[in-house]
Every structure is written in C-alpha cells, then in structure tokens.
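Okay, here's what each chain looks like letter by letter:
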Amino acid sequence: MLRTVCMLSWPTVLEQALQTGAQYVDTAMVGRIGMQASAAVGLTASAMWLITGPLAAIGMGVLSCISKAIGAEDRQKAGIACNQTVLLTLATGVLFGAIALGISPFLPDWLGAGREIRRDAFRYFFITSLPMVFRAAAVIFGAAIRATGNTRTPMKITAISLLVNISLNYFLISPSRVLFLGPLRFHIWGGGLGVTGAAVATALAYVLNGVLMFAALRRSPYFRICGEGLRPCRPVIAECLGVGLPAAGQRFIIYVGHMLFTAMVARLGTLAVAIHSIALTAEEAFYIPGYGMQAAAATLAGNAAGRQNLEQLRQVARTATLLSTVIMTALSLLLFLFPEHVMALFTTDPRVIEGGGRVLRIVSVSEPLFAVAVIMEGIFDGVGDVKAPFLISTLSLWAVRLVPTWLCVTRFGLGLEVVWICMVGDNVLRCLLLLGCFFGRNWKAYLEKKLVRPGDRDGQRS
C-alpha cells in the first residue's frame, strides 16, 4: 500500500509543488512592486477560493464516481462519467464565471479594502475570472484523468502552463529594462503593467491549462467522445453531483468563512493584510505533501469502496496519514526555524518580513495535523461521504476560528498573531474530529447502503 500511495501521489505532489513555486514567483514579482500591490492581490484570494472551490468539489465528485466504477470493474460507467465531464465543465464554468465577473466591481469594498488598493484588487480579480470555463476544464478534466490512475499527465500539463505564467509575468509586470552581460547590452521589453500584467499572465496560463487538459482527456481510453456520448446521462451526473454538490456546499461555507476571516484581518490595516496574504502564500509550500496525496488517497479509497474492501480502505487511510505526517513534521520544523527567510523570498519590506515570521512560526506547529485533515477529507470524498467533513469543517471553522477572531479583533483589539492562533486551533480540532469520525465509523454498513440497489433481496452490488 505504501508503494501504491507513493506511485500515485508523487506526480500530484510534484504538481502541487510546481503550482506553489509558480505562486511564489508570482507573489515575489508582485511584491517587488510594493506592499500595496501585494495587499491588492492577496485580498481577493479568499474570494477566488470561494468561486473556484465548487469546481474542485465537482472534480472530486467526478473522481469518486470514476474511481468507484473502476474499482467495481465497470469500464462502461467510467467511460460515460468521463464523457459527462464536458457538460459539467461547460455548465459550471459559465455559471461561476458569470458570478465572479458580476461581483468583481463590488468585491474590494465588501472586503474592507483601503482606497489605495481597491482599483488593483478589482482589476486582478476581474481579469483572472474571465477564463473561468478554462479553469473549470483544468480542474474537472484533471480530476477525471487522475481517477483513471494517470497522475503524470496532469502534472506535465501543469508544469507547462506554470512555465508560461512565469515567463509572461517577467515581461508584463516590469517595465522595459536594459540587461548587461559583460560588454553586451540587451534591451528587454516590458509591459510595465504591474498587478494588471500579473493578472493577464495568470489568465492566459489558465486558458492553456484547460485546453491541454481537454486534449489529454480525449486521449484517455475511457473517454469516447461522440454525439451520443455528449448527451446528459442522468444517473451518472446525479452520482457525480451527489458527491460534488455537498462538497461544493462545504467549500462554500468554508470559503465564506475565509472571506469573513480576511475582512476581519483588513480591519487591522494594509500592513496586516500584506503580512497575512504573503504569509498564507509562504505557508502553502509546507502543506504540499498533504494536498498532493489527497487525490491519490481519494482515488484508492474510491477503488476500495467500489470493491467493498474495508481492510484496503483502512490501509489507505493509515498509510496516507502516516506518510503525510512524517513528511509534514520535517517541513514544519524548517518553517519554525527559518520563517523570516521564507518571507524574504516575497518582499523586501522589513515590517512585512518580521510580522510574517511571527505568524509563520505560530502556524508551523499545526502543519502535520492540517495535512492529516486534508488526507482524511480526500478519503471521505473518495468513498462518497461528504456529509461528515461538511459538518466537522463548519463546526470547527465557526466555533474556533471565526467567532474567536471576531472577538479578538473587534472587542479586545488584539493583533494578527492572535488571529493566526485561532486558525491553528481550527486546524487541530478539524484533524482530530475527522480522524475520530473515520476510525469510529461502521464502514461496512455504510458501503452496503450506498452500493447495493434498493430492493435487491440477494444483496448484490449495484
């Protein structure tokens, strides 16, 4: 099982690392413009999570449906599910793209942004929301490909799109400049567009990613695109949405909470927003293994659920959580020892570096538990149980993070460090509740209820 988890997860871990590395470069390039630019980009991050979170949830529903069908050796159903991703991508991409573009003029004001950053925040959010159909394609098609056991192709596509993003950043963000190499002098064109240039580069990279993911899905042996294949298949769509919609609801509640969390931080001023947003970006590199192994754990859990193999399901949970804990413990130790060095990668402002170092040292203690929570959410999603993570995440978010943060900021006048302590408490409680729910659940009864047709007297699997 350890070998299987590693073989499936290393491409997704590398893919997450590439995405985070590109975001590091993106944040660093914007950070060189100034603190206000960093705050403008970071302010809208939570809102973009809110918009794109349902896309990831639908992708998880697709992954669960396909992986369970493959586990049950039902290739026809897996192929139909791959075909239905085209319809799901178009529907969700258009819907959430319209929502994002519609709220973009009002979003900075809703989040409590200062006047000095509102225009840049609007432009960044608006431009990066334009290719929402392609973003949906990248997420949902990528999930379908991973569900078939092919995790390397999405990793390669992501690497290509991120390389394009970084290259375009280099030319679009900074103004034209002269590069000296010994006696040689080169004039390098630059758009000098600042935050707008970063947004354009990101949007074009999303377009490329979506197109390449679709091309890769068409080459999958499970994908049979034809006139009949593009017609809606209600049972398969219902199964995908049966996991995807509750998971989307979970992400919606969580990301609304994150938006409120960001709005509370904005009350502390532009400096606090800059520290908060850059520190969140810096932290992402240290939970790459958790998110990288989540898709592999969900796929293997779905396969085990399709076979009704309870021992394999438990092995997946034990192996993935143990592996992520070991890796994340080592990484969190590095984050605890060198937080200022990490912050210095993104900004030269000494105030931001010092403040970011303090909050990163605080959050480093909960990184292993956060990774375990991510793995457990993936396992629950893989078997099709999204109710338990939804209830646990909602309870933990509001009871431990949001309400205490509101009290600390608005009533007691405390600073950003206390806000991040509340975030650590949320991570710890969510991990413990998910572990208790998984290992205390009667999975045999649950899987029999979900996978057996109602009315089957002989108890045959559906």
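Residues numbered from 1 in each chain as written. Predicted model: local features only at pLDDT ≥ 70, side-chain atom pairs only at ≥ 80, totals over all residues. Heavy atoms only, no water.

Scanning the chain from terminus to terminus reveals 19 helices and 2 strands. Every one of the 462 residues in the chain was classed for burial, and the buried ones make up 53%. Long-range contacts, defined as pairs at least 24 residues apart, comprise 83% of the intrachain contacts of the chain with a sequence gap of at least 6. With the model as given, the accessible surface of the chain reaches about 19,700 Å², and the carbon-plus-sulfur share is 65%. (Helix = DSSP H or I, 4+ residues; strand = E, 2+ residues; numbered from the N terminus. Buried < 20%, exposed > 50% of the residue type's maximum accessible area, 1.4 Å probe, protein only. Contact = heavy atoms within 4.5 Å. Areas by Shrake-Rupley, 256 points an atom, 1.4 Å probe, with all protein chains shown as cover.)

Our focus in this paragraph is the packing of aromatic side chains. A full pass over the atoms with the stated rule returns 7 aromatic pairs. Here Phe-380 and Phe-438 contribute two aromatic rings whose centre-to-centre distance is 6.1 Å and whose plane-to-plane angle is 85°, an arrangement assigned as edge-to-face. Taken together, the residues Phe-380 in helix α16 (residues 367-383) and Phe-438 in helix α18 (residues 416-440) connect sequence positions 58 residues apart. Taken individually, Phe-380 and Phe-438 each receive the classification buried, so the pair is uniform in this respect. Summarising the aromatic geometry, the rings of Phe-438 and Trp-443 are spaced 5.3 Å apart at their centres and angled 45° between planes, so their arrangement reads as tilted. An aromatic cluster of three or more residues is present, and its members are Phe-380, Phe-438, Phe-439 and Trp-443. Sitting above the plane of the Phe-336 ring, Arg-361 keeps its charged end 5.6 Å from the centroid. The cationic tip of Arg-441 hangs over the ring face of Trp-443; the distance from NZ or CZ to the ring centre is 4.9 Å. (Phe/Tyr/Trp six-rings, centres within 6.5 Å; stacked < 30°, edge-to-face > 60°. Lys NZ or Arg CZ within 6 Å of the ring centre and 35° of its normal.)

The grouping of Leu-260, Trp-398, Val-403, Trp-406, Leu-407, Phe-412 and Leu-414 at the surface amounts to a nonpolar patch, some 620 Å² of accessible area in total. The greatest single-element share of the nonpolar patch, amounting to 4 residues, is contributed by helix α17 (residues 387-411). (Patch = residues over 30% accessible without salt bridge, like charges linked within 9 Å, V, L, I, M, F, W, Y side chains within 5 Å. Salt bridge = Lys/Arg side-chain N within 4 Å of Asp/Glu carboxyl O.)

Before going further, it helps to examine helix α10 (residues 234-266). Across its 33 residues, α10 extends 44 Å between first and last C-alpha, which sits within 8% of the 48 Å expected from 1.5 Å per residue. The largest bend in α10 amounts to roughly 30° and is located at Leu-241. (Expected span 1.5 Å × (residues − 1). Bend = angle between axes of the 7 residues up to and from the residue.)

Note that Val-243 resides in helix α10. Taking relative accessible area as the criterion, Val-243 reaches 5% and is therefore assigned buried. Setting aside chain neighbours within four positions, we find Val-243 in contact with Met-60, Gly-61, Ser-64, Asp-381, Gly-384 and Val-386.

Located in the positive-phi region is Gln-308, a residue other than glycine, with phi close to 55°. Tracing the chain through its elements places Gln-308 in the loop between α12 (288-307) and α13 (310-337).

Moving on to the packing of α16 against α18. The geometry of α16 relative to α18 is characterised by a closest axis approach of 8 Å and an angle of 40° between their N-to-C directions. Classified by the angle between their axes, α16 and α18 sit oblique to one another. Seen along the crossing, α16 lies across α18 with a hand that is left-handed. Contact residues: α16 offers Leu-369, Phe-370, Val-372, Ala-373, Met-376, Glu-377, Ile-379 and Phe-380, while α18 offers Asn-427, Val-428, Arg-430, Cys-431, Leu-434, Leu-435, Cys-437 and Phe-438. Across the contact of α16 with α18, the residue classes tally to 13 nonpolar, 1 polar and 2 charged. (Axes fitted to C-alpha atoms, helices over the stretch in contact; angles between N-to-C directions. Parallel < 35°, antiparallel > 145°, perpendicular 65-115°, else oblique. Left-handed = near helix turned anticlockwise from the far one by under 90°. Nonpolar A, V, L, I, M, F, W, Y, C, P; charged D, E, K, R; others polar.)

Glancing now at the pattern of salt bridges. Per the counting criterion, the structure on display carries 11 salt bridges. Ionic pairing is found between Asp-109 and Arg-118, a salt bridge with its closest N-O pair at 3.4 Å. By relative accessible area, Arg-118 is classed as partly exposed at 27%. Among the charged side chains, a network of salt bridges with common partners joins Lys-68, Lys-77 and Glu-239.

All quantities given are derived from atomic positions and should not be read as evidence of function.
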